[in-house]
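Architecture at a glance
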2 protein chains.
Amino acid sequence: MPLEIPEVVIDRLPVYYRLLSRLQADGTAVVSSQELGLALGVTPAQIRKDLSYFGRFGKQGRGYSVQRLTEELRSLLGLKRRWKVVLVGVGRLGRAIASYRGFEPQGFDIVGTYDVNPEAVGSGADDIEVRSVADLQRDLTVGPVDIGIVAVPGTEAQAVIDVLVCAGVTAILNYAPIAAQVPANVEVRQIDPVLALQGMTYHLNRRAGQP
Amino acid sequence: MPLEIPEVVIDRLPVYYRLLSRLQADGTAVVSSQELGLALGVTPAQIRKDLSYFGRFGKQGRGYSVQRLTEELRSLLGLKRRWKVVLVGVGRLGRAIASYRGFEPQGFDIVGTYDVNPEAVGSGADDIEVRSVADLQRDLTVGPVDIGIVAVPGTEAQAVIDVLVCAGVTAILNYAPIAAQVPANVEVRQIDPVLALQGMTYHLNRRAGQP
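Thresholds, definitions, all that
Residues numbered from 1 in each chain as written. Chains lettered and ligands numbered in written order. Predicted model: local features only at pLDDT ≥ 70, side-chain atom pairs only at ≥ 80, totals over all residues. Heavy atoms only, no water. Contact = heavy atoms within 4.5 Å. Buried area = accessible area lost by both parts, 1.4 Å probe. Salt bridge = Lys/Arg side-chain N within 4 Å of Asp/Glu carboxyl O. Helix = DSSP H or I, 4+ residues; strand = E, 2+ residues; numbered from the N terminus. Domains from an automatic or database assignment. Pairing = 2+ DSSP bridges. Axes fitted to C-alpha atoms, helices over the stretch in contact; angles between N-to-C directions. pLDDT = per-residue confidence, 0-100. Phe/Tyr/Trp six-rings, centres within 6.5 Å; stacked < 30°, edge-to-face > 60°. Buried < 20%, exposed > 50% of the residue type's maximum accessible area, 1.4 Å probe, protein only. Lys NZ or Arg CZ within 6 Å of the ring centre and 35° of its normal. Polar contact = N/O pair within 3.5 Å; in protein donor to acceptor, adjacent residues only side chain to side chain. Least-squares fit on C-alpha atoms with pLDDT ≥ 70 in both. Expected span 1.5 Å × (residues − 1).

Here we come to the interface of chain B and chain A. Across the contact, 64 residues belong to chain B and 65 residues belong to chain A. Across the chain B to chain A interface the summed buried area is about 5,600 Å²; carbon plus sulfur atoms make up 65%. Along the contact surface separating chain B from chain A lie four salt bridges. Broken down by secondary-structure element, the contributors of at least two residues to the side of chain B that touches chain A are α1 (7–25), α2 (33–40), α4 (66–76), α5 (92–98), β8 (171–174), β9 (187–190) and α8 (193–209) of chain B. For the side of chain B that touches chain A, the leading source of residues is α8(B), giving 15 residues.

Turning our eyes to something else, we now look at the domain arrangement of chain A. In terms of domain boundaries, chain A breaks down into domain 1 (7–76) and domain 2 (83–194). Here domain 1 of chain A and domain 2 of chain A have C-alpha centroids that lie 32 Å from each other.

Turning to the sheet that holds β9(B), a few remarks are in order. All names here are of chain B. Pairing in this open sheet of six strands is parallel, and the strands run β6-β5-β4-β7-β8-β9 from one edge to the other. In this open sheet, the two strands that pair with only one neighbour each are β6 (130–132) and β9. Neighbour-to-neighbour, the strand axes of the sheet open up by a mean angle of 25 degrees, direction not taken into account. Alignment of strand β5 (residues 108–115) against β6, held across three bridges, turns out to be parallel.

Let us look at the confidence of the model for chain A. Residues and elements named next belong to chain A. Across chain A, the average pLDDT comes to 88, with 90% of residues at or above 70. The element-level mean pLDDT for chain A is lowest in strand β2 (residues 58–59), coming to 62, with strand β7 (residues 147–150) highest at 98. Here the predicted complex scores 0.85 on pTM and 0.89 on ipTM.

Positionally, Thr70(B) belongs in helix α4. When near neighbours in sequence (up to four residues on either side) are disregarded, Thr70(B) contacts Tyr17(B), Leu20(B), Ser21(B) and Gln24(B).

A few words on the packing of aromatic side chains. Residues and elements named next belong to chain A. Inspection of the entire model under this criterion finds two aromatic pairs over all chains. Here tyrosine 100 and phenylalanine 103 contribute two aromatic rings whose centre-to-centre distance is 5.0 Å and whose plane-to-plane angle is 80 degrees, an arrangement assigned as edge-to-face. Judged by its relative accessible area of 4%, phenylalanine 103 is buried. Over the ring of tryptophan 83 we find arginine 81, and its NZ or CZ is 3.6 Å from the ring centre.

Turning our eyes to something else, we now look at the pattern of salt bridges. One pass over the structure, following the stated rule, counts 28 salt bridges over all chains. Its salt-bridge partner being Arg207(A), residue Glu187(B) comes within 3.3 Å of it at the nearest N-O pair. Residue Glu187(B) is found in strand β9, and its partner Arg207(A) is found in helix α8 (residues 193–209); the two belong to separate chains. The class of Glu187(B) is buried, set by a relative accessible area of 11%. Glu71(B) is the salt-bridge partner of Arg74(B), the closest N and O atoms lying 3.5 Å from each other. Residue Arg74(B) and its partner Glu71(B) are located together in helix α4, separated by three residues, close to a single helical turn. Owing to a relative accessible area of 26%, Arg74(B) belongs among the partly exposed residues under this scheme.

Our next topic: the side chain of Asp146(B). By the secondary structure assignment, Asp146(B) is in the loop between α6 (136–142) and β7 (147–150). Polar contacts involving the side chain of Asp146(B) include one to the main-chain amide nitrogen of Lys84(B), which spans 2.7 Å. Excluding anything up to four places from it in sequence, Asp146(B) contacts Leu204(A), Arg81(B), Trp83(B), Lys84(B), Val169(B), Thr170(B) and Ala171(B).

A few words now on the relation of the copies chain B and chain A. With an axial shift of 0.0 Å and an RMSD of 0.0 Å, the rotation relating chain B to chain A amounts to 180 degrees. Look at the turn and shift together and you get a two-fold axis relating the two. Most of the interface of chain B is mirrored in chain A: 100% of its interface residues are interface residues there too.

It is worth spelling out the environment of Ala29(B) at this point. Residue and element names in this part refer to chain B. Secondary-structure assignment places alanine 29 in the loop between α1 and β1 (30–31). The exposed category is assigned to alanine 29, whose relative accessible area is 52%. In sequence terms alanine 29 and valine 188 are 159 residues apart; their C-alpha atoms lie 35 Å from each other.

The next thing to look at is the sheet that holds β7(A). Residues and elements named next belong to chain A. If you trace the six strands from one edge of the open sheet to the other, you get β6-β5-β4-β7-β8-β9, paired in parallel fashion. Each edge of the open sheet carries a strand with a single partner, namely β6 (130–132) and β9 (187–190). Averaged over all neighbouring strand pairs, the angle between strand axes comes to 25 degrees, with direction disregarded. As paired elements, strand β4 (residues 83–88) and strand β5 (residues 108–115) share six bridges and run parallel to each other.

All names here are of chain A. The terminal C-alpha atoms of helix α7 (residues 154–166) lie 19 Å apart, and with 13 residues this matches the ideal 18 Å at 1.5 Å per residue to within 8%. Among the structural elements, β4, α6 (136–142), β7 and β8 (171–174) are those in contact with the buried residues of α7. Backbone geometry just after α7 places glycine 168 at a positive phi near 95 degrees.

This is the structure in structure tokens:
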């Protein structure tokens, strides 16, 4: 396997994995790059190129084995094990995240929930036990976790991220509207609806400007 | 301006715009690709290459004019005008989106809120007027909008997206965990925490496998 796979390719692999899991559940045995491309709105050439980074799964003219490709992606993406997650921030957004039912079936367990606002701490609303961020560092020393989800306001986000990184967390899912500063060995993904909207208005604007 | 700019470059422009807006607000007049790269965690070469798609903003050895580059990005991204948005889905996540204060300052106005669940409709919780999805098509005929935000469960998402597309909405921000099927002239951005997490576990898994 080559050592350096482009980040944009890695970010597409979960999308492939999701589609393939569904095909496998439906009992589909073989799928072509044309079919995958059609379902995902990308070209078959793109599919073939992306998957070629990980070896030769398909046979010319015969398509991909759904089972083999799904298993390989599961393994590559680290989805054969469970991952421990802490959530920091239990405002509206944090509560929506805490109650999201999509994490657990995919192997992500929220093992702790924290907030910087003492009023929210220990409130026990929605059956969530909320601890103070002041306890976060100590808690993570006793029970390390893999991933931190940050759903605090932008003004507090970098401080929370610093605590997580300092406690050895090397993957941060950041919902706060800031460009997080982290060491090179820490992965960050930003979930930011405004950035997503602005990527679309570029296209809307161009179209509006054309006759 | 070249006609085809890679989509990954377009998706980075809002990030550049955000940082430059902040620099401008702080009174910074000139910024180098090194400084931009450092702040965003990418190489200066990447910054220069991305911005080169849109013309020559920088002068060799003198850096970029913050004001000029900010204005150009504002124009390119279509942020000199306001955009009308409808939100469909007012569960926990939808309510968090409806009350998010980051949209309005960036030019995005949520002009209507809808839900498929009649029990939620018209409940008026959080001072949001919620209308039935059954009224969506008619409402959009009377008052067209630019963008639809979809925050309904996965099982209902494609039907909602079909209604939006049919009513002429050409940009969809999709929070539902499905690969939306839309015509080629419709832009879709997916906000999906599980996909983001799985992009990171790829890296965590690889590191764990290395001695």
